[in-house]
Amino acid sequence: MAFVNLKKKEVQVKIVYYGPGRGGKTTNLEYIYNKFNDRIKTEMIAIKTQGDRTLFFDFLPFEMGKIKGYDVKIQLYTVPGQVKYNATRRLVLRGVDGVVFVADSMKVRKKSNMLSVKNLQENLSTYKKSIFKIPLVFQYNKRDLAGDGIPLLSYETMEKDLNSRLKVPSFEASALQGDSVVKTLKKIITLTMAALEKEFK
Amino acid sequence: MTYVLDQKELDAIEGILEEDFMDIGVRCVFLIDMAGNVVASQDSGKMKHDIYSLAALAAGNFGAVSTMAKIIGEDEFSLLFHKGKKESIHFSKVMKEFLLISIFDEDVSLGFLRLKVAEAIDEITGILGHQLSP
């Protein structure tokens, strides 16, 4: 639920990183936090378990600068990926304007990626939102693991598994090394801002 | 869904926050939506809190507590209060989609604050009512 403040000429937008557990959602935010330190005035907030898994969400406010005269404040969130945390995951989606789905490229994670997309669709529908309409970008993460000899799903397989009906932009990435992290972020911001603009017309 | 508030509406809301809360010694008060966006805020200047982070956490916290309410068969807990040694936080729901959060110290009585919160909610509802259905 984006909020437009005409007094301050400011738009606040909520973007959520979604996907299966241990897929690299938090790593995406950590990379962005370190890379754009000068634009981020606050600490990144992480509500996590003792074992360093996301319990509720991570939160990172990010100043985009001006678009068409408006200061754009992007609020980045991650959800907890673990299946058992669905109640909190759903809460984070409240008022979401755009979604980055971080899929795990490891072969063994094929099924959990697909289940997580289905879960996203269900959770969005509780807020009367459609996965087919919301701005969405896929990020196929952990491509760097190919170098370690770990079996990965091919780009084509992941497209077929996850994106054959949605047909949204997708990127091969390594959140750990920063490959395509910014590209993914830019894409979701562009799509989300375009959707907001359309809503206003 | 996107909603827009213009200068007049925001001036009115900020005016309410200032009159009802700053005058009784509340340190910081802000109105957020359930997505965690900050709609309006007032600060006594004594303390510079990071309200954007507070807003995200408050919306999450309120959402978690509302879900707990449903599990035990309540519609909702419309009011939340966290007491600290020096500072305390009071949360109150404004219509379906907004939360009013005040941070105050031991000089402010909770009872008086709650009275002011109730007044402010009525006034804010009058302004936001046409934006979003209550």
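None of these values were measured; they are calculated from a predicted model.

## Structural notes on the nonpolar core
Here's step 1: Core analysis: the largest hydrophobic core is formed by 89 residues, its most contacted members being V16(A), F101(A), L31(B), I32(B) and L99(B).
Here's step 2: Per-element tally for this core: the top contributor is helix 2 (residues 51-71) of chain B, with seven residues.
Here's step 3: Discounting chain neighbours no more than four positions away, the residues touching I32(B) are N37(B), V38(B), V39(B), A55(B), A58(B), A59(B), F98(B), L99(B) and I101(B).

## Description of the interface of chain A and chain B
Here's step 1: At the interface, 23 residues of chain A touch 24 residues of chain B.
Here's step 2: Put simply, the parts of the chain that give the side of chain A that touches chain B at least two residues each are strand 1 (3-5), strand 2 (10-18), strand 4 (54-67), helix 2 (86-92) and helix 5 (181-200) of chain A.
Here's step 3: Of all the elements, strand 4 of chain A adds the most residues to the side of chain A that touches chain B, at four residues.
Here's step 4: Looking at the side of chain A that touches chain B residue by residue, the class counts come to 13 nonpolar, six polar and four charged.
Here's step 5: Of the pairings in the sheet, the one linking strand 1 of chain A to strand 1 (residues 3-5) of chain B comprises three bridges and is parallel in character. Paired with V4(A) across the bridge in strand 1 of chain B is V4(B).

## Here's the deal with the sheet that holds strand 3 (residues 38-43) of chain B
All names here are of chain B.
Here's step 1: The five strands lie next to each other as 3-2-6-5-4, forming an open sheet whose pairing is antiparallel. Whereas interior strands pair on both sides, the edge strands pair on one side only; in this sheet they are strand 3 and strand 4 (79-82). The average undirected angle you get between the axes of adjacent strands in this sheet is 10°.
Here's step 2: Pairing of strand 2 (residues 28-33) with strand 3, which is carried by five bridges, proceeds in the antiparallel orientation. When the sheet's bridge partners are listed, F30 is paired in strand 3 with S41.

## A few points about the confidence of the model for chain B
Parts of the prediction with low pLDDT should not have their coordinates interpreted in detail.
Here's step 1: The share of residues in chain B with pLDDT of 70 or more is 96%, and the mean pLDDT across the chain is 89.
Here's step 2: Reported confidence for the predicted complex is 0.81 by ipTM and 0.90 by pTM.

## Details of the pairing of strand 2 of chain B
Residues and elements named next belong to chain B.
Here's step 1: Burial analysis of strand 2 places six of its six residues in the buried class, the great majority of the element.
Here's step 2: The alternating pattern of strand 2 places C28, F30 and I32 and V29, L31 and D33 on opposite faces, both of which are buried.
Here's step 3: In this structure, the hairpin formed by strand 2 and strand 3 is closed by a connection of four residues, where G36 is found at a positive phi of approximately 100°.
Here's step 4: Across six bridges, strand 2 lies against strand 6 (residues 98-105) in antiparallel orientation. Bridged to V29 within strand 6 is S102.

Criteria and thresholds
Residues numbered from 1 in each chain as written. Chains lettered and ligands numbered in written order. Predicted model: local features only at pLDDT ≥ 70, side-chain atom pairs only at ≥ 80, totals over all residues. Core = buried A, V, L, I, M, F, W, Y, C linked by C-beta atoms within 7 Å. Buried ≥ 20, exposed ≤ 12 C-beta atoms within 10 Å, placed from the backbone. Helix = DSSP H or I, 4+ residues; strand = E, 2+ residues; numbered from the N terminus. Contact = placed C-beta atoms within 7 Å. Nonpolar A, V, L, I, M, F, W, Y, C, P; charged D, E, K, R; others polar. Pairing = 2+ DSSP bridges. Axes fitted to C-alpha atoms, helices over the stretch in contact; angles between N-to-C directions. pLDDT = per-residue confidence, 0-100.

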